[in-house]
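Here are the chains, one letter per residue:
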Amino acid sequence: MKTTNSASARYEGLGKTGKGHVSTKSGALDNPYGFNTRFEDAAGTNPEEMIAAAHASCFTMATSFQLAEAGHEDGELHCDCDVTLEDDGEGGFVVTKSALKLKGKLPGVSKGTFEELANKAKENCPISKLLDCEITLETEFEG
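Throughout this document, residue positions are counted from 1 along each chain, in the order its sequence is written. Only residues with pLDDT of 70 or above have their local features reported here, since the model is predicted, and side-chain atom pairs are shown and tallied only from 80 upward, although totals for entire chains, interfaces and linings are computed over all residues. The side-chain values count all of the structure's non-hydrogen atoms but skip hydrogen atoms and water molecules.

J.: Looking at this structure, I do not really get the sheet that holds strand β4 (residues 76–87). What am I missing?
T.: In a beta sheet, neighbouring strands pair by backbone hydrogen bonds and run either parallel or antiparallel. Strands pair, by our definition, only if DSSP identifies at least two bridges between them. Helix and strand definitions here come from DSSP, where helices need a minimum of 4 consecutive H or I residues and strands a minimum of 2 consecutive E residues; each element is numbered from the N-terminal end. The three strands lie next to each other as β4-β5-β6, forming an open sheet whose pairing is mixed. The two strands at the open ends of the sheet, each matched to only one other strand, are β4 and β6 (134–142). Averaged over all pairs of adjacent strands, the angle between their axes in this sheet comes to 15°, without regard to strand direction. With nine bridges joining them, strand β5 (residues 93–105) and β6 adopt parallel strand pairing. Within the sheet, the bridge partner assigned to G104 lies in β6 and is F141. Contacts are assigned to residue pairs with any non-hydrogen atoms lying within 4.5 Å of each other. Axis definition: a line fitted to C-alpha atoms, limited for helices to the stretch in contact. Angles are taken between N-to-C directions and run from 0 to 180 degrees. Set on the sheet, helix α2 (residues 47–69) makes contact with β4, β5 and β6; between it and β4 the angle comes to about 145°.

Here is the structure:
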């Protein structure tokens, strides 16, 4: 199985005063972005927010599949993800961390099984494999 998805971005003007626009082929994302949306809380999105959304959704789906493959049939997962961008000290920036916070409401699943399968999903979800930064996982469980 293979899939290819696409997005596009344009940037008009340069540096801090420039304005960008990013969209996905599906139309799910169609937002402005720029320095002000990345560092000043202006309306729009930014690359780190999109990475956080991608990591949260990919990891949550991967955890769901891990649970299903282990024979579990019912439950609910909720994941928040915080992606940290820091000054690299060399005039640029680097993503240093993606912090996943997963809540599971899973009748009939033990906390140990939940944590084991969530950690397996963290290591094997495609976005985790893509990221070159520290990836942490906190879990909250309700059986």
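After that view of the structure, there is still more to cover.
J.: Explain the nonpolar core here, please?
T.: Soluble globular proteins tend to pack their nonpolar side chains together in the buried interior. With 22 residues, the main nonpolar core has F59, C79, C81, L100, L102 and L137 as its most contacted residues. For this core, the elements supplying multiple residues, two or more each, are α2, β4, β5, α3 (111–124) and β6. Ranked by residue count, the leading element in this core is α2, at six residues. Beyond its immediate chain neighbours, meaning those up to four positions away, L137 contacts F59, L100, L102, A118, N119 and K122. We define the nonpolar core as a collection of buried residues of types Ala, Val, Leu, Ile, Met, Phe, Trp, Tyr and Cys that are connected through side-chain atoms lying within 4.5 Å of one another. Only protein chains enter the accessibility calculation, which uses a 1.4 Å probe; a residue whose area is less than 20% of its type maximum is buried, one above 50% is exposed, and one in between is partly exposed.

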